[in-house]
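# Structural features, examined
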Amino acid sequence: MSTEALPAFVARRRPDWERLTALLDGLDARRLRAAELTELDRCYRRAAADLARLQSFYAGTDAHRFLNQLCGRAYGRIYARPPDRLAALRRFFARDFPQTLRDELAFVGAAAGLVALGVAVGFSTLWVQPHLAGLFVPDAIQRYVAEHRLWTDSLELPPSQIATQILTNNLQVAVAAFALGLTFGLGTVIVLLNNGVFLGATLAHCFNGGVGKGLLIFMSAHGVVELSVIFICGGAGLMLGQALVVARERPRSEVLRERAGRAVRLVLGCAPFLAAIGVVEGFVSPGHRVPALLKVLLGACLGAGFWLYLLRAGRGQPGER
Amino acid sequence: MSDGPQLEVATPERVGLSLPVAGLGYRSLAYAVDVALILSFWVILYFLYALTGPDVARVVTGLSTFARIAAVLGFFFFQWVYWTAAEVLWRGQTPGKRLLKIRVVRSDGAPVGVFESAVRNLLRIVDFLPFAYGIGVVAMLVDPQHRRLGDLAAGTVALREDEIGLQKYDLAPTAGPIAIGRALSAAEHELLRSYASRFEWLDAAPRLKLGRALATRFGDDLTALTDDAALRAWVTRRTA
């Protein structure tokens, strides 16, 4: 075959390649019939054989580049996984997400531990040394507490605006806790500790100012789920960090890719819960429109429901380790 | 192939594909287009609001709180979801990538899925550090396949999809009167065809000069190659 000149070869095989291009265009536009799909497969295999010939005898020519690209396109479409649709979404929340979470519970626990450590440090520091409040607590909050009031009682904005602000803030913390895992986990550790210290210090400052109980009630409705989501996203960040630090015998890039694929499931799984809890935090938690007892009850139910779902859903089904 | 970095894919047909990888320039431009799109979305929204100010304000305050929260959330999520939604629905392309003819694929050549796309787009904020994609740019310069950290973690690569035509193989083969010497190698054939495909575009003088240079290189007889007609005949003969 090597004796056949390239132009003659191109002229002879070109109709087939053009047919393959047309079939691929049809596939992208979702208007192929079954017979045409079979033809697509045949055309691709023939084009792949042509590519092998061009690679051997005419490497580096435009014909080779052309066919290389055509085969790349066909390969990507023919060997693609079936598209993810609604059923896949349902499967993700019914099985995939909770199962992954249970497998990686140690990381979520570690993230929770880091936040708890931060809370302990922040709380004890301000409890013992109240005059250090300026270091940890924002001025605006200090002003409120000095007047023995809670900023959550007198939010002047309409609730929906608060809800969106809170949600964007939570989302930023959650995404940062995950993504900064790429800094060998260091960034995630800092984000978790930092948020913990802030929470602990604010709590201690409010208790010192006599409004601590009010803050606890404010947090009760949304706190459990919101903190859980931060723990889970932090745990996902720690997974990235661990993959980079402890790769064992395998290449770091490979371990990172595998672990990131699991970690991102945790983050995506949290997204709807984060949105829902943002609504609770914006509508229910602030002010006194909802009685304290109801807030505590609602918070307990939401927290228990969330963890019941995380720990039980998809149990004993395929994919369970 | 030797032009630039490639993604090598081994197919079940036992043919290796080498797909060209998109470099920093293409990717920055595509990003700029996408950011411009998102920005203009907000600017148009702002001007719509500013121009029709009081009316819109009345409409907005007239909405139920849940409709309002949904609207604000929708706009907010737009910024986060834009990239992944586009990449999943358009098989690895955002509007900017489509314009610049680049496509994100998995490193085995398959289209990106939801999870891969989510990883590379959530990790965007780390690539952005400390500012203006500092880390991402360094990673792309260091990595042989120009991947940023998000790509490395997701196992994805951005490919270039140049349009390559086959027109230069079109010249009709007819025999001419000019004598020719030895047979040409594949590389020389390629060179000659590049010349032939540009033949009509060149002015007569440089056309003749280039043609004679090629003929010298191929060891052909130059004495007859003095005018355009002879040159034309020689090219036809050689490309036959």
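With that out of the way, let us pick up the overall build of chain A. The helix and strand inventory of chain A stands at 13 helices and zero strands. Across chain A, helices and strands are ordered from the amino to the carboxyl terminus as α-α-α-α-α-α-α-α-α-α-α-α-α. For chain A, the C-alpha radius of gyration of 28 Å lies well beyond 20 Å, the compact-globule estimate for 321 residues. Dimensions of chain A, computed from C-alpha atoms along their principal axes, come out at roughly 95 × 40 × 40 Å. Buried positions account for 49% of the 321 residues belonging to chain A. For chain A, long-range pairs separated by at least 24 residues make up 76% of all intrachain contacts whose partners lie at least 6 apart in sequence.

Attention shifts here to the domain arrangement of chain A. In many reports, interface size means the accessible area that the parts give up when they come together. Split into domains, chain A comes out as domain 1 (6–78) and domain 2 (88–312). Distance from the C-alpha centre of domain 1 of chain A to the C-alpha centre of domain 2 of chain A: 52 Å.

Listed by partner, the interface residues are 57 residues for chain A and 56 residues for chain B. Here chain A and chain B share an interface that buries about 4900 Å² over both sides, 71% of which is from carbon and sulfur atoms. Area buried by chain A at its contact with chain B is led by A:Gln69, A:Tyr75 and A:Arg257, which between them contribute 12% of it. Inspection of the chain A/chain B interface yields two salt bridges. Residue B:Arg91 is joined to A:Asp28 by a salt bridge in which the shortest nitrogen-to-oxygen separation is 3.4 Å. Across the chain A-chain B interface, the total number found is nine residue pairs in polar contact (both at pLDDT 80 or more). Mapped by element, the contributors of at least two residues to the side of chain A that touches chain B are helix H1 (6–28), helix H2 (34–57), helix H3 (62–78), helix H4 (86–103), helix H8 (159–179) and helix H12 (252–283) of chain A. By residue number, the principal contributor to the side of chain A that touches chain B is H3(A), which donates twelve residues.

Residue and element names in this part refer to chain A. Looking at the secondary structure, you find His222 in the loop between helix H10 (212–220) and helix H11 (223–245). The class for His222 is buried, based on a relative accessible area of 3%. In contact with His222, other than residues within four places in its own chain, are Ile277, Val280, Glu281 and Ser285.

It is worth spelling out the environment of B:Ala233 at this point. Here B:Ala233 shows up in helix H11 (residues 228–239). Considering only alpha carbons, one finds B:Ala233 and B:Phe41, 192 residues apart in sequence, at a separation of 58 Å.

Conventions adopted
Residues numbered from 1 in each chain as written. Chains lettered and ligands numbered in written order. Predicted model: local features only at pLDDT ≥ 70, side-chain atom pairs only at ≥ 80, totals over all residues. Heavy atoms only, no water. Helix = DSSP H or I, 4+ residues; strand = E, 2+ residues; numbered from the N terminus. Rg over C-alpha atoms; globule rule 2.2 N^0.38 Å. Buried < 20%, exposed > 50% of the residue type's maximum accessible area, 1.4 Å probe, protein only. Contact = heavy atoms within 4.5 Å. Domains from an automatic or database assignment. Buried area = accessible area lost by both parts, 1.4 Å probe. Salt bridge = Lys/Arg side-chain N within 4 Å of Asp/Glu carboxyl O. Polar contact = N/O pair within 3.5 Å; in protein donor to acceptor, adjacent residues only side chain to side chain.

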